[in-house]
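Understanding the architecture of this molecule
Letter by letter, the chains look like this.
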Amino acid sequence: MISVEEHLEAVLRQIVPVGTQRLPVARAHGLVTTADVASRADLPRFDNSSMDGYAVRREDLEGATPETPVLLRVSGDVAAGDPLPREHVPGQAWRIMTGAPMPVGADSVVRVEDTDGHVREAQFRVQPEEGANVRRAGEDVRTGQLVLPAGTRIAAAQIAALASAGVEEVDVVGPVRVVVLSTGDELVPLGQPVGPGQIVDSNGPMLEALVREAGFFPVHVGHLPDDEAATRKELRHHLGHADAVITTGGVSKGAYDIVKKVLTGEGSMEFLEVAMQPGKPQGFGLLGRRRIPVFTLPGNPVSAIVSFEVFVRPALEKRAGRVVSDRTTTGYALTSWRSASDRRTYTRVRATLDATGEYAVEPVGGSGSHLVAGLALADALAVSAEDVTEVEAGSRVDLLLLRPRREIDGRLAREKETGG
């Protein structure tokens, strides 16, 4: 057996990002830039007001105080989006809205709160500093200046910046398209009748959801029968269009472990045992002319999800050009539990909060890798080192989160409020 670190390093060493594509900004959400992106416009594009108020010349309000207000005639209104140029007349003011262009000749904006708010003649109770409440053209970024550096993942804020800067298309690491294939004649798709000796395929929908939640694109979720020729044909078909393939089942030592039989000797494919529980039988390699990463995971649902979190998610992130995320934290064991000797053990746990506000965890569900009811309640995997045979109550444990931390914390806060 090899260690978890050795297998993960071997996988990541073979992974390269998918090719660059130029996409419209709206379609680039979640993807990573491959080149610096420069602004195509000054931001702001013109001098505008940052407040609802009055555009004035500072010198016209000399001596204005709440006790001695200055009265100015209002020339008219300037609304956001107003296309008409406005000329400022000394000794007068323009009523102006947030985002509206500054009249030529005005140098400041007085907040409406510092006036009496009248629309024809307004009393001003302050003399503003020159440039007060004015957003100057280009003060954020100038045309040609950097908006996003290469290697930036495009989230909502980045889309706003690109759109504001007049950028319509951007070069990115292409979307990572993932094919998920479950194996075994005993599997029945969700929604179809289940006969004697058959089970519902839960791995396919589970892995599809994991791929989608991680920000990648499941393009096919299907089934491989226990037939070598059919399995070989199906896998070769998907190597032509997928950016990664995930299979579950058929990788152990049974007589009907078809995936292992079909892929042994293909490309750089290797089947090995990793010192971990669950998830010991693993397979990985680059296949086909396009050298597509193929992950062959165990068939038990818990083994499959553990394998995805430990090996597949980091590999897909590298495939997408992302920085590999850290989904780990620590907590305390509420109870004691056994851990497998000579293997890293991943125990499904549910979190509560201790008196100090840290996570306190205990196992949920049984230890078998086929038991999925507890998996649905688990917040994390408690990770025990190879030399640990028992996790003692009160000891600090490493946690690999299965849910976003904000989701866990939200549930715990709600339970604290309701006493649940």
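Residues numbered from 1 in each chain as written. Predicted model: local features only at pLDDT ≥ 70, side-chain atom pairs only at ≥ 80, totals over all residues. Heavy atoms only, no water.

Observations regarding the packing of aromatic side chains
By the definition in use, this model includes two aromatic pairs. Consider the rings of Tyr54 and Phe124, whose centres lie 5.3 Å apart with planes at 80°: the pair is edge-to-face. Here Phe124 lies in strand S8 (residues 121-124) and Tyr54 lies in strand S4 (residues 53-56), a separation of 70 residues in the sequence. Taken as a pair, Tyr54 and Phe124 share a single burial class, namely buried. With a centroid separation of 5.0 Å and 45° between ring planes, the pair formed by Phe284 and Phe295 is classed as tilted. Taken together, the positions of Phe284 in strand S19 (residues 281-287) and Phe295 in strand S20 (residues 292-297) put the pair 11 residues apart, joining distant regions of the chain. Across this residue pair, the class does not change: Phe284 and Phe295 are buried. (Phe/Tyr/Trp six-rings, centres within 6.5 Å; stacked < 30°, edge-to-face > 60°. Helix = DSSP H or I, 4+ residues; strand = E, 2+ residues; numbered from the N terminus. Buried < 20%, exposed > 50% of the residue type's maximum accessible area, 1.4 Å probe, protein only.)

Focus on the domain arrangement of the protein
The accessible area lost on association of the parts is a frequent measure of interface size. On domain assignment, one finds that the protein holds domain 1 (4-18 + 175-320), domain 2 (20-44 + 139-173), domain 3 (48-135) and domain 4 (328-419). The distance between the C-alpha centroids of domain 1 and domain 4 comes to 26 Å. Each partner contributes residues to the interface: domain 1 has 16 residues there, and domain 4 has 17 residues. On inspection of domain 1 and its partner domain 4, the count reaches one salt bridge. Residue Glu5 is joined to Arg344 by a salt bridge in which the shortest nitrogen-to-oxygen separation is 2.7 Å. At the surface where domain 1 touches domain 4, the tally comes to five residue pairs in polar contact (both at pLDDT 80 or more). The set of elements that each furnish at least two residues to the side of domain 1 that touches domain 4 consists of helix H1 (4-14), strand S18 (276-277) and helix H6 (301-319). Top contributing element to the side of domain 1 that touches domain 4 by residue count: H6, with seven residues. Residues of the side of domain 1 that touches domain 4, tallied by class, amount to 10 nonpolar, three polar and three charged. (Domains from an automatic or database assignment. Contact = heavy atoms within 4.5 Å. Salt bridge = Lys/Arg side-chain N within 4 Å of Asp/Glu carboxyl O. Polar contact = N/O pair within 3.5 Å; in protein donor to acceptor, adjacent residues only side chain to side chain. Nonpolar A, V, L, I, M, F, W, Y, C, P; charged D, E, K, R; others polar.)

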